[in-house]
Amino acid sequence: MAQQTITLIGGGLVGALLARQLAQRGFAVDVCEKRADPRRGGVQGGRSINLALAERGLQALRVAGLAELVLQRAVMMRGRMVHEHNGNTSLQRYGIDDSEVIWSVSRAALNTLLLDAAEAAGVTFHFGQSLVEADFDRQRIHLADANGVKRSAAFDILIGADGAGSAVRAAMHAHSPLGERIEPLGHGYKELEIPPASELPAAVLQFSGGHEQFALEPHALHLWPRGGFMCIALPNTEGSFTVTLFLPNRPLPAQSAAPSFAGIPDAAAATAFFSEQFPDLLPLIPRFAEDYDSHPVGSLSTLYLDRWHLDGRALLLGDAAHAIVPFHGQGMNCGFEDTVVLTDLLAAAPNDSADAFAEFQSVRQPNADAIAAMALENYVEMRDSVADPHYLARRELGALLAARAPTHFMARYRMVSFTHLPYAYALERGRAQDALLERLLGGSIRVADVDVDAAVTMLKATLPPLPALRG
Ligand code: FAD
Ligand code: E1W
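Residues numbered from 1 in each chain as written. Chains lettered and ligands numbered in written order. Predicted model: local features only at pLDDT ≥ 70, side-chain atom pairs only at ≥ 80, totals over all residues. Heavy atoms only, no water.

(A) Looking closely at the site of ligand 1. Surrounding ligand 1, one finds 28 residues, the nearest of these being E33, R35, A52, R107 and D319. D319 places a polar side-chain atom, nitrogen or oxygen, 2.8 Å from an oxygen atom of ligand 1. Here ligand 1, which alone exposes 1,000 Å², has 85% of that area covered by the protein. Of all the secondary-structure elements, those providing two or more residues to the shell around ligand 1 are α1 (13-24), β2 (28-33), β3 (50-53), β9 (130-135) and α9 (331-348). (Near = heavy atom within 4 Å. Polar contact = N/O pair within 3.5 Å; in protein donor to acceptor, adjacent residues only side chain to side chain. Areas by Shrake-Rupley, 256 points an atom, 1.4 Å probe, with all protein chains shown as cover. Helix = DSSP H or I, 4+ residues; strand = E, 2+ residues; numbered from the N terminus.)

(B) Representation of the pairing of strand β12 (residues 157-160) within the structure. Every second residue of β12 is oriented toward a common face, with I157 and I159 on one face and L158 and G160 on the other, all of them buried. With 4 bridges connecting them, strand β1 (residues 5-9) and β12 associate as parallel partners. Looking at the pairing, I6 lines up with I157 of β12. (Buried < 20%, exposed > 50% of the residue type's maximum accessible area, 1.4 Å probe, protein only. Pairing = 2+ DSSP bridges.)

(C) Spotlight on the site of ligand 2. Taken together, 15 residues sit near ligand 2, with A52, R80, Y94, G329 and Y413 positioned nearest. One of the side-chain N or O atoms of Y94 is found 3.1 Å from a nitrogen atom in ligand 2. With respect to ligand 2, the side chain of N378 contributes an N or O atom lying 3.2 Å from a nitrogen atom. Within the complex, 94% of the 430 Å² of free accessible area of ligand 2 lies under protein. Among the secondary structure elements, those contributing two or more residues to the shell around ligand 2 are β15 (230-235) and α10 (353-385). When its residues are assigned to classes, the shell around ligand 2 shows 11 nonpolar, 3 polar and 1 charged. (Nonpolar A, V, L, I, M, F, W, Y, C, P; charged D, E, K, R; others polar.)

Structure below.
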């Protein structure tokens, strides 16, 4: 069997994990990565950015034989800890017990682990090699190094895992339009750091749960919802937290005084804003001014394409195909799920990449569209309604129904974060469940007034049972 080489562009999270799996299945894989090898020192600037890993991503890591290694470097998050403006906090558990938790992992540590694992499986990496152009008719790619020195190479199959600003996507589009649509959210983000407790004055530490190195409860995703904007914080293994502020880029014309990055251009303005909106958080960020002034405002968009592949010659996956907003913590998880589907399809039809790519798009695109929609909805839910009585009433009634009729009711968050049910199914089922909750509550917030027996009967009469879940 003539083995074709797969040329992968992008050695980020999705590219490195895909490369590992393809190599494990016997494919020859070459990866071109724009950045220098992050394992060769000097690159780490001390900034730790983390991500939430949930069941879908974990499952892909299991398939690649890497789940245990990753979990050893992860911090468990049992639920969201909501910090109200008055300083009150409450932990809303994600699942019933510690079998339903998510994990905070360092992006840099995860990338390093995946690069090592891909190399160990036989993948060849070319670092400092940025794709600049692809000629699909001659099947050649053009690369440039950091000094602009160019070289070109032949390819059989080109796969783009080069992220939201994908150069492979641009090259494919230049060959034949992909129907690209980019929808900016209009909100940006800024990362800040809470150092380990030992670096903070004792006076600002309210938390003392036996986890002495952490300034806040370590086993939670912390959330400060404030209406049109919010902060979150995820724990790092060393005892620090990475805080992310999500805020509109500019106010809507009708509310010109509303907080926005445009109205908070520097650390002085930001300090005043935080002392008003996040008074309990500000003292935990001793390098607030330096962080605020030196870290850029990140931008957030959703990317939709009509087409993800060029017959059997080229394919996009991960953020390159379907970048989403981060509010469900599923971008990487979705990209990891992509890698398993694609590897199986290619392994089943090694000489028919056109078929495999078409099938990949038809399976994954409806699911990518669904998680894109749910991620957008979750921003509104997170920042506006986690403290909203109607939302809390629906959640409470949903929890009652899930306990009484687990075959027929499962919170959408749990379907997304803790099962392998297709995202498109979770979106559709969630809508149907929400409609039922609305009907049962009839605008009231008094869950105690709902006849739960009658509600269970109605649920089972209205909705088919959930699919049986694999263990
Ligand atoms: P990337 O991680 O962007 O990797 C692309 C790689 O390609 C990079 O290494 C890059 O250097 C390389 N590259 C780019 N251009 C070229 C080129 N021309 N030639 C060669 N190489 C190139 N997801 C979660 O699941 N959980 C979370 O909690 C979460 N939090 C997030 C928080 C924020 C603020 C943001 C913005 C995103 C978050 N995400 C989260 C989403 C997640 O970061 C992405 O979905 C994920 O990184 C996508 O992986 P990728 O490999 O497709 O792209
Ligand atoms: C998760 C950046 C990010 C990452 C996340 C989540 C959120 C809010 C954000 C969604 C969530 C883990 N979420 N958390 N609590 N309810 N929904 O689950 O990854 Cl902003």
